[in-house]
Amino acid sequence: GSINLGQGFPDWDPPGFAVEAMARSVSPSQARNANQYARSYAHMPLATVLAEDYSERWNRLIDPATMIGTAVGVTNALFCTLQGLLAPGDE
């Protein structure tokens, strides 16, 4: 009786601005090396933007290098969170 929230199969195209932004972000003309793995706990440009936003929202300094983590989807985020918090025998 569980619900799998980890998969979604939308039946619509993403908005044009999102497709264009993605294409620009991986374009070799942007002098970016998009063919590299991000650091495992957060892509630094994304972590920086998140830290700036949440620092303003919460009125406190959020360090993107030590206080922000990202995940590839909710399944990965939940798995990592539960692995870090639970021990054998926990219910």
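## Notes on the pattern of salt bridges
Applying the stated criterion across every chain, the model contains 1 salt bridge. Measuring nitrogen to oxygen at the nearest pair gives 2.6 Å for the salt bridge that ties Arg-57 to Asp-53. Of this pair, Arg-57 and Asp-53 both sit in helix H2 (residues 44-58), 4 residues apart, which is roughly one turn of the helix. Relative accessible area serves as the criterion here: at 31%, Asp-53 is assigned to the partly exposed category.

## Some thoughts on the packing of aromatic side chains
Applying the stated criterion across every chain, the model contains 1 aromatic pair. A ring pair is formed by Tyr-54 and Trp-58, whose centres lie 4.9 Å apart and whose planes are at 55 degrees; its orientation type is tilted. With Tyr-54 and Trp-58 both in helix H2 and 4 residues apart, the pair spans about one turn of that helix. With a relative accessible area of 30%, Tyr-54 lands in the partly exposed category. The ring of Tyr-54 carries Arg-57 above its face, with NZ or CZ at 5.1 Å from the centroid.

## Digging into the side chain of Ser-55
Within the element layout of this structure, Ser-55 appears in helix H2. Using a relative accessible area of 16% as the deciding quantity, one classes Ser-55 as buried. Side-chain polar atoms of Ser-55 contact the backbone oxygen of Ala-51, separated by 2.7 Å. Look past the residues within four positions of Ser-55 in its chain and what remains in contact with it is Arg-60, Leu-61 and Ile-62.

## Some words on the confidence of the model for the chain
Averaged over every residue, the pLDDT of the chain is 84; residues scoring 70 or more account for 87%. By mean pLDDT, helix H1 (residues 16-26) is the weakest element of the chain at 87, and H2 is the strongest at 93.

The rules we used
- Residues numbered from 1 in each chain as written.
- Predicted model: local features only at pLDDT ≥ 70, side-chain atom pairs only at ≥ 80, totals over all residues.
- Heavy atoms only, no water.
- Salt bridge = Lys/Arg side-chain N within 4 Å of Asp/Glu carboxyl O.
- Helix = DSSP H or I, 4+ residues; strand = E, 2+ residues; numbered from the N terminus.
- Buried < 20%, exposed > 50% of the residue type's maximum accessible area, 1.4 Å probe, protein only.
- Phe/Tyr/Trp six-rings, centres within 6.5 Å; stacked < 30°, edge-to-face > 60°.
- Lys NZ or Arg CZ within 6 Å of the ring centre and 35° of its normal.
- Polar contact = N/O pair within 3.5 Å; in protein donor to acceptor, adjacent residues only side chain to side chain.
- Contact = heavy atoms within 4.5 Å.
- pLDDT = per-residue confidence, 0-100.

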